[in-house]
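Chain by chain, the residues run as shown.
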Amino acid sequence: MVAIHRESFPGYYLTSLGPSFLQAMYSWYVQSAEAIAHVALDGDGRVAGFVAGTVNDSDYRRSLFRETWYHMVVALGQRLISKPTQTLRLLGERKDLIWQALATILTRRSREAEQTNAISDKEPPTAGLVSIGVKHSARRSGLGTALSELFVREAWSRGCEGITLSVREDNVGARRFYESMNWEEVSRSSKTYHGSFSITYQKVMTDKQTSRATPVREEFLPPLGPFLGEEEWNEVLDTLQSGWITMGPKTRRFEELFAEYVGSRHAIAVSSCTAGLHLALVAGGIGPGDEVITTPLTFCSTANVVVHQGAVPILADVRVDTFNMDPEEMRKKMTPRTKAIIPVHLAGQPCEMDEIRAIAEERGLLVIEDAAHAMGAKYKGRMIGTISDVTVFSFYATKNLTTGEGGMITTEDEELAERTRILRLHGISADAWKRYSAVGSWYYEVLFPGYKYNMTDIQASLGIHQLAKQEKFLEVRQQYTKTYTDAFKDLPEVITPVVKDYVRHAWHLYIIRLDLERLTIDRDQFIEALRKENIGSSVHFIPLHLHPYYGERYSFKKGDFPVAESLYEGIVTLPMYPKMSVEDVEDVIRAVRKVVAKSRR
Ligand SMILES: Cc1ncc(COP(=O)(O)O)c(C=O)c1O
């Protein structure tokens, strides 16, 4: 059943569609009025917003409308046009901003109205129908129909359950349009308007017809994705044509450039972050019986490599604000067998490195930072990659910097670096490139039983150019995350990320936390609802101790890490990466708002 809420007052029907829709739009329905649409353009001539409204010969109403328009222009700082043909041409281009503009103006308008008691001092209804008065003098332009269509489509996609609108009886084109769309005629005005009666049509949507079946976007938006350009393609081509495709001169160049970017003494390219973490443990002498402390809120490979070494992963619960390992919890987990700590900078926000380093120094522990998410992050002004004994980055396909698969180890320690370089390629004394080059020698010696963890020049070709783009990418990530955080400010159901003021967040992931007490659905249903809107999302991460292997092997059970578990229940990673457009970001916002509005308690 669709509830119709309508408050009337002299000359107006004020209708709305619940809190979220209310923010997006009020519409004025004024008997005997003409419709006006104004479009505001941005500096590039694109539509930045428009407002449609009605004016009749009442000075008061005219001034009301003018004032609304004035607010909009002030809000947008744009110039405007009012020619119907241009309006029509531009109407469809920036609907997102149109709605934003309406939200700004109309909520403000209603606030002012409440103060002056000119419209209504009652709380708006939470569901119902919206009336759109579209009668216009320039009706042959098709403006009225176009405006109505726009409102109708937007209203449906925002969860509107039904719409009424009025047209002049002699506006045959518009009437034919609404009738062809199966709009129902619900009333006829008894008063003429410029010699013609008006007819009110209504369409009540079934669940299938409304937003419930109309996703906010047509194409699926993946939760994560790489952004590769021509520079990368050309470099790979150059490598393929060069005659040397595995680890060689380009890997060396990538390592040098990476060390320069991070400011580390050594950078050693490897086949993955997992491989790098493993090598760091091997090179650091971690072996059977040793204990290594890490966080439960991480990808499995952080702990898998500890198991590979015969060592024991010990988990320390996380902080509820940053989702990162809590140094206090870490301290509680120390035993005489503790040999190393692996802090994980979740989502790209650095851990509390001062506290972690202080504990490590006190006890002579090796610190290996898992910086899979923290490319370009800073902690108290220092780049991640320069702080601990060893730091390992990931260049997996979805990471801030990608080489498809790949990783980088950075360290200040000369000896550790040398050992790691040898270990990454079978434990032999000279790599193949050196052996097979004109100046090389066929001779080599095996110094350790090493690994095959090297990078290839094909991967490094991508890395060289991805690295050059990192600061630009980070700017885009910062801009998008700010847009998200601003857009969700008024939703108490959505808790946005907390960022410490002494870090530069790498923004690999934008993780929101749902306040499940305020919603009728759980996290999994939320993700499913987003998917139906064609928005992909994900969860980072399922806490390690809840995985069968870790639960059984180390006798972990539910309740062992209450903070990580309670976070896990409500976290959702939203799409956020430089390849996304501003429109994609706005689609995500609309989808989140829509799902929240539909599932609000
Ligand atoms: C926190 C964390 N550590 C380590 C890794 C492993 O990275 P890679 O795929 O490069 O081995 C990942 C991968 O997603 C990760 O998220």
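Residues numbered from 1 in each chain as written. Predicted model: local features only at pLDDT ≥ 70, side-chain atom pairs only at ≥ 80, totals over all residues. Heavy atoms only, no water.

**A look at the packing of helix 9 (residues 273–283) against helix 13 (residues 414–424)**
- Close contact between helix 9 and helix 13 brings their axes to 10 Å; oriented N to C, the two are set at 125°. With respect to each other, helix 9 and helix 13 are oriented oblique. The handedness of the crossing between helix 9 and helix 13 is right-handed. Taking contact as the criterion, the partners of Leu-279, Val-282 and Ala-283 in helix 9 are, on helix 13, Leu-416, Arg-419, Thr-420, Leu-423 and Arg-424.
- Here the contact of helix 9 with helix 13 is built from residues that sort into five nonpolar, one polar and two charged. (Axes fitted to C-alpha atoms, helices over the stretch in contact; angles between N-to-C directions. Helix = DSSP H or I, 4+ residues; strand = E, 2+ residues; numbered from the N terminus. Parallel < 35°, antiparallel > 145°, perpendicular 65-115°, else oblique. Left-handed = near helix turned anticlockwise from the far one by under 90°. Contact = heavy atoms within 4.5 Å. Nonpolar A, V, L, I, M, F, W, Y, C, P; charged D, E, K, R; others polar.)

**Focus: the site of the ligand**
- Lining the immediate environment of the ligand, one finds 16 residues, of which Thr-274, Asp-370, His-373, Ser-394 and Lys-399 sit closest.
- The separation between an oxygen atom of the ligand and a polar side-chain atom of Thr-274 is 2.4 Å.
- His-373 is positioned such that a nitrogen or oxygen atom in its side chain is 2.8 Å from an oxygen atom of the ligand.
- Elements represented by at least two residues in the shell around the ligand include exactly helix 9 and helix 10 (301–308).
- Split by residue class, the shell around the ligand holds six nonpolar, eight polar and two charged. (Near = heavy atom within 4 Å. Polar contact = N/O pair within 3.5 Å; in protein donor to acceptor, adjacent residues only side chain to side chain.)

**Some remarks on the pairing of strand 22 (residues 510–514)**
- Buried residues dominate strand 22, accounting for four of its five residues.
- Inspection of the sheet shows strand 20 (residues 494–495) paired to strand 22 by two bridges, in the antiparallel sense. Residue pairing across strands places Val-494 opposite Leu-514, the latter belonging to strand 22.
- Strand direction decides the pairing type here: strand 22 and strand 23 (residues 571–574), joined by four bridges, are antiparallel. In the sheet register, Tyr-510 faces strand 23, and the bridge partner there is Leu-574. (Buried < 20%, exposed > 50% of the residue type's maximum accessible area, 1.4 Å probe, protein only. Pairing = 2+ DSSP bridges.)

**Re the nonpolar core**
- Judged by nonpolar contacts, the single largest core of 37 residues is most densely connected at Phe-254, Phe-258, Met-330, Ile-341, Phe-393 and Phe-395.
- Mapped by element, the contributors of at least two residues to this core are helix 8 (249–262), strand 11 (266–270), helix 12 (353–363), strand 15 (366–371) and helix 15 (457–468).
- If near-sequence neighbours (up to four positions away) are discounted, Phe-395 is found in contact with Phe-254, Phe-258, Met-375, Leu-401, Thr-402, Thr-403, Gly-404, Glu-405, Gly-406, Gly-407, Met-408 and Met-455.
- Counting residues in each nonpolar core, the second largest holds 30 residues, with Leu-221, Leu-491, Ile-527 and Ile-589 among its members. (Core = buried A, V, L, I, M, F, W, Y, C linked by side-chain atoms within 4.5 Å.)

**Regarding a nonpolar patch on the surface**
- The grouping of Leu-237, Leu-240 and Ile-245 at the surface amounts to a nonpolar patch, some 270 Å² of accessible area in total.
- Note that Ile-245 resides in the loop between helix 7 (230–242) and helix 8.
- The exposure class of Ile-245 is partly exposed, given its relative accessible area of 44%. (Patch = residues over 30% accessible without salt bridge, like charges linked within 9 Å, V, L, I, M, F, W, Y side chains within 5 Å. Areas by Shrake-Rupley, 256 points an atom, 1.4 Å probe, with all protein chains shown as cover. Salt bridge = Lys/Arg side-chain N within 4 Å of Asp/Glu carboxyl O.)

**Considerations on helix 8**
- Compared with an ideal rise of 1.5 Å per residue, which puts 14 residues at 20 Å, helix 8 spans 20 Å between its outermost C-alpha atoms and is within 8% of the ideal.
- Along helix 8, the residues that are buried comprise Lys-250, Thr-251, Phe-254, Glu-255, Phe-258, Ala-259 and Val-262. (Expected span 1.5 Å × (residues − 1).)

**What about the side chain of His-345?**
- Note on placement: His-345 falls in the loop between strand 14 (338–342) and helix 12.
- A distance of 2.9 Å separates a polar atom in the side chain of His-345 from the backbone nitrogen of Cys-351.
- Discounting residues that sit within four places of it in the chain, His-345 has contacts with Asn-324, Pro-350, Cys-351, Met-353, Glu-369, Asp-370, Ala-371, His-373, Ala-374 and Ile-384.

**A word on the sheet that holds strand 22**
- Pairing is antiparallel in the open sheet, where three strands are placed in the order 20-22-23. Pairing within the sheet leaves two strands with one partner each, and these edge strands are strand 20 and strand 23.
- Contacts from helix 19 (residues 562–570) reach strand 22 and strand 23 within the one sheet, and its direction differs from that of strand 23 by about 55°.

**Structural notes on the confidence of the model for the protein**
- Model confidence for the protein is summarised by a mean pLDDT of 77, while 68% of its residues fall at 70 or above.
- Within the model, pLDDT remains below 50 along residues 1–144, and this stretch shows 305 contacts once partners closer than five positions in the same chain are excluded. (pLDDT = per-residue confidence, 0-100.)

**Considering the sheet that holds strand 21 (residues 503–504)**
- Reading across from one edge, 17-16-21 is the order of the three strands in this open sheet, with antiparallel pairing throughout. The sheet is open, and its two edges are formed by strand 17 (382–383) and strand 21, each paired on a single side.
- Looking at chain direction, strand 16 (residues 378–379) and strand 17 are connected through two bridges and run antiparallel. Note that in strand 17 the partner of Tyr-379 across the bridge is Arg-382.

**Observations concerning the packing of helix 16 (residues 470–487) against helix 20 (residues 582–599)**
- At their nearest, the axes of helix 16 and helix 20 sit 10 Å apart, and the two run at 25° to each other. Judged on the interaxial angle alone, helix 20 and helix 16 are roughly parallel. The two elements helix 16 and helix 20 meet at a crossing, and its hand is right-handed. Contacts from Gln-479, Tyr-480, Thr-483, Tyr-484 and Ala-487 of helix 16 reach helix 20 at Val-582, Val-585, Val-588, Ile-589 and Arg-593.
- Looking at the contact of helix 16 with helix 20 residue by residue, the classes come out as seven nonpolar, two polar and one charged.

**Brief notes about the side chain of Asp-326**
- By the secondary structure assignment, Asp-326 is in the loop between strand 13 (312–315) and helix 11 (327–332).
- Among the residues examined, Asp-326 registers a relative accessible area of 14% and is labelled buried.
- Among the polar contacts listed, one links the side chain of Asp-326 to the backbone nitrogen of Glu-328, at a separation of 2.9 Å.
- Those residues in contact with Asp-326 that sit more than four places away from it in its chain are Asp-317, Val-318 and Arg-319.

**Here we look at the pattern of salt bridges**
- The tally for this structure, following the rule as stated, stands at 31 salt bridges.
- In this structure, Asp-584 engages Arg-217 in a salt bridge whose closest nitrogen and oxygen atoms are separated by 2.7 Å. Here the residue Asp-584 occupies a position in helix 20, and Arg-217 occupies one in the loop between strand 10 (196–204) and helix 7, the gap between them amounting to 367 residues. As far as the burial class goes, Asp-584 and Arg-217 line up, both buried.
- Residue Glu-493 is joined to Arg-600 by a salt bridge in which the shortest nitrogen-to-oxygen separation is 2.8 Å.

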